[in-house]
Amino acid sequence: AQTSCSCRVIADSDFAWRPACERLWSAKQQNVMVQRWLAETSDKNESWQGVPREELAWRHRYVAALKDSQRCLITCQELCQDSSVDPSTGRPYPRRWHVRVHHGRWMDKEIVFPLDGGDWDAFHDDTLHRTLFVELPWRPCLGEGTEPHLL
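Residues numbered from 1 in each chain as written. Predicted model: local features only at pLDDT ≥ 70, side-chain atom pairs only at ≥ 80, totals over all residues. Heavy atoms only, no water.

Caption draft 1: Expanded view of the confidence of the model for the chain. Counting all residues, the mean pLDDT for the chain is 75, and 79% of those residues have values of 70 or more. Taking the mean pLDDT of every element in the chain, the minimum, 49, falls on strand E10 (residues 148-150) and the maximum, 86, on strand E7 (residues 106-112). (pLDDT = per-residue confidence, 0-100. Helix = DSSP H or I, 4+ residues; strand = E, 2+ residues; numbered from the N terminus.)

Caption draft 2: Structural context of the side chain of Arg95. Inspection of the secondary structure assignment puts Arg95 in the loop between strand E5 (92-94) and strand E6 (96-102). For Arg95, the side chain forms a polar contact with the main-chain oxygen of Gln81, separated by 3.0 Å. (Polar contact = N/O pair within 3.5 Å; in protein donor to acceptor, adjacent residues only side chain to side chain.)

Caption draft 3: Inspection of the packing of aromatic side chains at higher detail. Applying the stated criterion across every chain, the model contains 2 aromatic pairs. Ring centres of Trp17 and Tyr62 lie 5.4 Å apart, and the angle between their planes is 45°; this geometry places the pair in the tilted category. Of this pair, Trp17 sits in helix H2 (residues 14-26) while Tyr62 sits in helix H4 (residues 58-68), placing them 45 residues apart in sequence. The class of Trp17 is partly exposed, set by a relative accessible area of 23%. Considering the side-chain rings of Trp25 and Trp58, the 6.3 Å spacing of their centres and the 35° angle between planes classify their relative orientation as tilted. Linking Trp25 in helix H2 with Trp58 in helix H4, this pair joins segments that are 33 residues apart in sequence. For the residue pair Trp25 and Trp58, the accessibility class agrees, reading buried in each case. Here the guanidinium or amino end of Arg61 rests over the ring plane of Trp58, the centre of that ring lying 4.4 Å away. (Phe/Tyr/Trp six-rings, centres within 6.5 Å; stacked < 30°, edge-to-face > 60°. Buried < 20%, exposed > 50% of the residue type's maximum accessible area, 1.4 Å probe, protein only. Lys NZ or Arg CZ within 6 Å of the ring centre and 35° of its normal.)

Structure (structure tokens):
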């Protein structure tokens, strides 16, 4: 009984879960919460669904990330900003999306969505036809919370 109790403690420990989470998330685009968890620089008062960060073990972080992976909506930050940071400015690079667009014929495009939503008045549909790289305006849709999401 003592041995199984010891194994349970080890299996539930951050010692086992943190490396597993780091391996799993290393090659994936992380959301804001996972980035903070991996950097371990977040505010001690931060919480996830009411659970304070210091009480959020790596095993629970894994479950939280797994639940988050089932979302059907994308946040503004996930749409517009990459996880890599420009060392000269300290801000995230804009995220580039590779999109196949049918505009009379199929074309491959690189699209960037501006964080502020962009200027619809300055955008012309024929821009997609003439250029490889496009900054595409978008409109947020308020989801269940206060964070705008893209449909």
